[in-house]
Amino acid sequence: MKYVIVGTAGHVDHGKTTLIQQLTGVDTDRLTEEKKRGISIELGFAPFTLPGGRLAGVVDVPGHEKFIKHMLAGAGGMDVVLLVIASNEGVMPQTLEHLYILDLLEIEKGILVLTKKDLVDPEWMALVEQDIRDAVQGTFMENAPVVAISALDGSGLETLKETIDAVTRQVRGKDEDAPFRLPIDRIFTIKGAGTVVTGTLASGRLKTGAIAEVLPSQKQARVRQLQVHGKKMDEAAAGQRVAVNLAGIEVNELERGNVIAQPGLLVPTQALDIKLKLLAKPFGKETRRPIHNRERVRFHTGTQEILGRVLLLDSDFLEPGKEGYAQIFLEEEAVVARGDHFIIRSYSPVTTVGGGIVIEPYAKKHKRYRQEVIDEMMIKEQGTPDELIEQHLLQDPEAVVYRDGLAKDMGLTDTVIEDALKGLMDKGKVKIFNVDQRDWVVHATILASYGRWVQDYLERFHRQQPLKAGVTLEELRSKLFKGFSPRVFSVLLVYFAQQKILTQSGQKVKLTDYQITLTAQQEMIRNSLLEAWNSQPYSPPSAAEVAQAKNFPVDEAEAVADAMIEMGEAVRIQSGDIILTEDAWNRAVDLAKSFIDTNGGLTLAEFRDGLQTSRKYALAMLEHMDEKRITKRMGDKRVLSK
């Protein structure tokens, strides 16, 4: 079912609240000060049963210029607006300001409502209608229907109701299948219930018992109860006015402008890429002026108002009536998604100067006067989901992203993301692979480049270091993937191993098909080293000593010894010159374990005597076992580490 919100807008004292009372039977002026002064200060809400039987929500916004920020808090959720103009006064400054704001917010439909028709004659009414038509020309209300009414005798009200019913049927429904998001416009407590917030559900469905994330604080609360137009409900849908009773959060932890949303859906941000459009026409006595680069402004979106500075990307100022790409850096955190509309008001004096849409909610600072930056912004603004995902992957510093995080990162729904990924995979533009039971997404071009980097580097390494079984992970990362997170680096290594490009062993990687090959002389050196080490297994000579005895080059003998360690034929004890054969090392470990199992501990002297070696070698071997966590020292003895 499609739910709609009907809102009023217009100059102060033109009859908005009276009109709503006549349509709905509800007086939306609820504050004592509003009653006293006769104007709306805060937002007012009422249920409205349309002639066709459907139920709509009605939002009454303040008309006085001092309360425009309250008007903005209610305008964002409107589907249809009733622009109210008193027939005896015609178009006034706040009429125009509200009109321009609603046009910038791209409100879908509108109706021009002329109140107080009983106060004017037909000739005057015709002049007022023409004046209004001139005012709305070029806006979303250019072809809006006009209905004249009188609160005195009720004439025109039935026609207005029928018109509202017809226009609301033309409105596109909000996305009920998306994750839920509700900008908060009111906060209060109810005795016995606790914290209650209200707002228009912008997307999704909200259910009793659901866990909601409160943003930007990122605290979580449970939905204890829901009310839609005063009726208790188990579920609310996008487009409905909702009162939400929250458990687990206090009133003083909330404020207008906060958002409750599905956990993980949005992340607070202070830097946004935007498309900014300035108003061309004044709506009062003021004259339009340009916005200058780095000008301080008031940023309104949803129910939020935050101060910030505009960074123009291709000019030093933006003229009235013009539009351009920009960034805004906010002084507090905002909660926005890609495609959200916003309004900009000047810092002082406070007046509406423009608005636009959010292109990228999590922006990085761009360099100005760069065509590639403008091109990227154009794709973000106008591109299809496929193009947006492609651009996102190509721009990501690491290019490898977690599949389930794409929707949140890009401000798109899971359904849109999955449809776009399928299309990109079919075209061979995106690769998705699984590591540790998680799907990772990377642009195919970038992944192929990474693969070539790794293959070329390892081939070069093996040519230059033929006696080494592989390069260390740290060297590979520092040379090719510096700045990448350990997680993404690890994911890439697993993928390349899956593709049989490389093989990882411990802290080293090599090309999968690479094997160390010794020359004839190196084979002679290898045999001499094995012979020497086997003859004195626990007091072995160093590779240099064997080389000198056999008249081999010392450097080559040490390189062959390193290769034997790489191939698993020998073990270097700690990082010194002591090298044992793999067999001798394993027998030493077995002896230590067996002795400890039998006697409950092993002293250095007992180990030395058991191996028939010197204290120097026995101590080095025990310390190496400690380092490998085979044993651990307790006083004068070693015990098993595990």
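Data block above holds the structure.
What comes next concerns the included structure. Sequence positions are assigned chain by chain, starting from 1 and proceeding in written order. Thresholds applied to this predicted model are a pLDDT of at least 70 for local features of residues and 80 or more for the giving and counting of side-chain atom pairs; totals over whole chains, interfaces and linings are not thresholded and use all residues. Heavy atoms throughout the structure, all of them, feed into the side-chain values; hydrogens and water do not.

## Describing the pairing of strand β1 (residues 5-10)
Here the term buried applies to any residue with accessible area under 20% of the maximum for its type, exposed to any over 50%, and partly exposed to those in between, with areas from a 1.4 Å probe on protein chains only. The helix count covers DSSP runs of H or I at least four residues long, the strand count covers runs of E at least two residues long, and both are numbered beginning at the N terminus. A large share of β1 lies buried, amounting to six of its six residues. Where burial is concerned, the two faces of β1 agree: the one with Ile5, Gly7 and Ala9 and the one with Val6, Thr8 and Gly10 are both buried. Pairing geometry for β1 and strand β3 (residues 55-60), over three bridges, is parallel. Opposite valine 6, over in β3, you have valine 58 as the bridge partner. Inspection of the sheet shows β1 paired to strand β4 (residues 80-86) by five bridges, in the parallel sense. From the neighbouring strand, alanine 9 faces β4, where its bridge partner is leucine 83. Strand pairing is assigned whenever DSSP detects at least two bridges linking the two strands.

## Regarding the packing of aromatic side chains
Aromatic rings from Phe, Tyr and Trp, with only the six-membered ring used for Trp, were paired whenever their centres fell within 6.5 Å, and each pair was classed as stacked if the ring planes differed by under 30 degrees, edge-to-face if by over 60, and tilted otherwise. Overall, the coordinates contain 10 aromatic pairs when judged by the stated rule. With 5.8 Å between their ring centres and 70° between their planes, tyrosine 450 and phenylalanine 484 make a pair best called edge-to-face. Of this pair, tyrosine 450 sits in helix α11 (residues 444-464) while phenylalanine 484 sits in the loop between α12 (473-480) and α13 (486-498), and the two are 34 residues apart along the sequence. Grouping residues by exposure puts tyrosine 450 and phenylalanine 484 together as buried.

## Observations regarding the nonpolar core
One finds Phe433, Leu492 and Leu529 to be the most contacted residues of the largest nonpolar core, which totals 50 residues. Throughout, nonpolar core names a set of buried Ala, Val, Leu, Ile, Met, Phe, Trp, Tyr and Cys residues whose side chains join them through atoms within 4.5 Å. With 26 residues, the next largest nonpolar core counts Leu96, Leu104, Leu114 and Leu279 among its residues.

## With respect to the sheet that holds strand β33 (residues 602-603)
As summarised here, the arrangement of the three strands in space is β33-β35-β34, forming an open sheet in which the pairing is antiparallel. Whereas interior strands pair on both sides, the edge strands pair on one side only; in this sheet they are β33 and β34 (631-634). The pairing of β34 with strand β35 (residues 637-640) spans four bridges and is antiparallel. Paired with methionine 634 across the two strands is lysine 637, which belongs to β35. Should any heavy atoms of two residues lie within 4.5 Å, those residues are counted as being in contact. A fitted line through C-alpha atoms represents every axis, and for helices the fit uses only the stretch in contact; the resulting angles, taken between N-to-C directions, go from 0 to 180 degrees. Across the sheet, helix α17 (residues 582-599) is in contact with β33, β34 and β35; its angle to β35 comes to roughly 95°.

## Details of the environment of valine 167
Along the polypeptide, valine 167 turns up in helix α6 (residues 157-168). Residues valine 167 and glycine 110 lie 57 residues apart in sequence; the distance between their C-alpha atoms is 7.9 Å. Discounting chain neighbours no more than four positions away, the residues touching valine 167 are Val80, Lys109, Ile111 and Pro145.

## Some words on the sheet that holds strand β19 (residues 296-301)
The strand order around the closed barrel formed by six strands is β17-β22-β20-β19-β23-β24, and the pairing between neighbours is antiparallel. When the angles between neighbouring strand axes are averaged without regard to direction, this sheet yields 45°. Relative to strand β22 (residues 323-334), strand β17 (residues 269-278) is paired through eight bridges, and the arrangement is antiparallel. Bridge assignment links leucine 276 to a residue of β22, and that residue is glycine 324. In this fold helix α7 (residues 371-382) packs onto β17, β22 and β24 (352-360), with an angle of close to 80° to the strand it touches most, β22.

## Considerations on the pattern of salt bridges
Throughout this description, the term salt bridge denotes a Lys or Arg side-chain nitrogen within 4 Å of a carboxyl oxygen of Asp or Glu. Within this structure, the stated rule accounts for 32 salt bridges. Glutamate 372 is paired through a salt bridge with arginine 370; the nearest N and O atoms lie 3.7 Å apart. For arginine 370, a relative accessible area of 35% puts it in the partly exposed group. When the shortest N-O distance is used, the salt bridge between aspartate 583 and arginine 587 registers 3.0 Å. Residue aspartate 583 and its partner arginine 587 are located together in helix α17, separated by four residues, close to a single helical turn. Taking the relative accessible area as the measure of exposure, aspartate 583 reaches 48% and is therefore partly exposed. Several salt bridges share partner residues, and in doing so they unite Glu176, Arg205, Lys207 and Glu235 into one network.

## A word on unusual backbone geometry
Residues leucine 215 and proline 216 are joined by a peptide bond in cis, for which omega reads 15°. Following the sequence through the fold, proline 216 ends up in the loop between β11 (211-215) and β12 (219-228). Serine 348 connects to proline 349 through a cis peptide bond whose omega is -10°. Here proline 349 shows up in the loop between β23 (341-346) and β24. Non-glycine residue lysine 500 carries a positive phi angle of around 60°. Of the residues examined, lysine 500 reaches a relative accessible area of 64% and is grouped as exposed.

## What about the pairing of strand β26 (residues 430-435)?
With six bridges connecting them, β26 and strand β27 (residues 438-443) associate as antiparallel partners. If you follow valine 430 over to β27, its bridge partner there is histidine 443. As consecutive antiparallel partners, β26 and β27 are separated by two residues, and within that stretch aspartate 436 has a phi angle of approximately 55°, a positive value.

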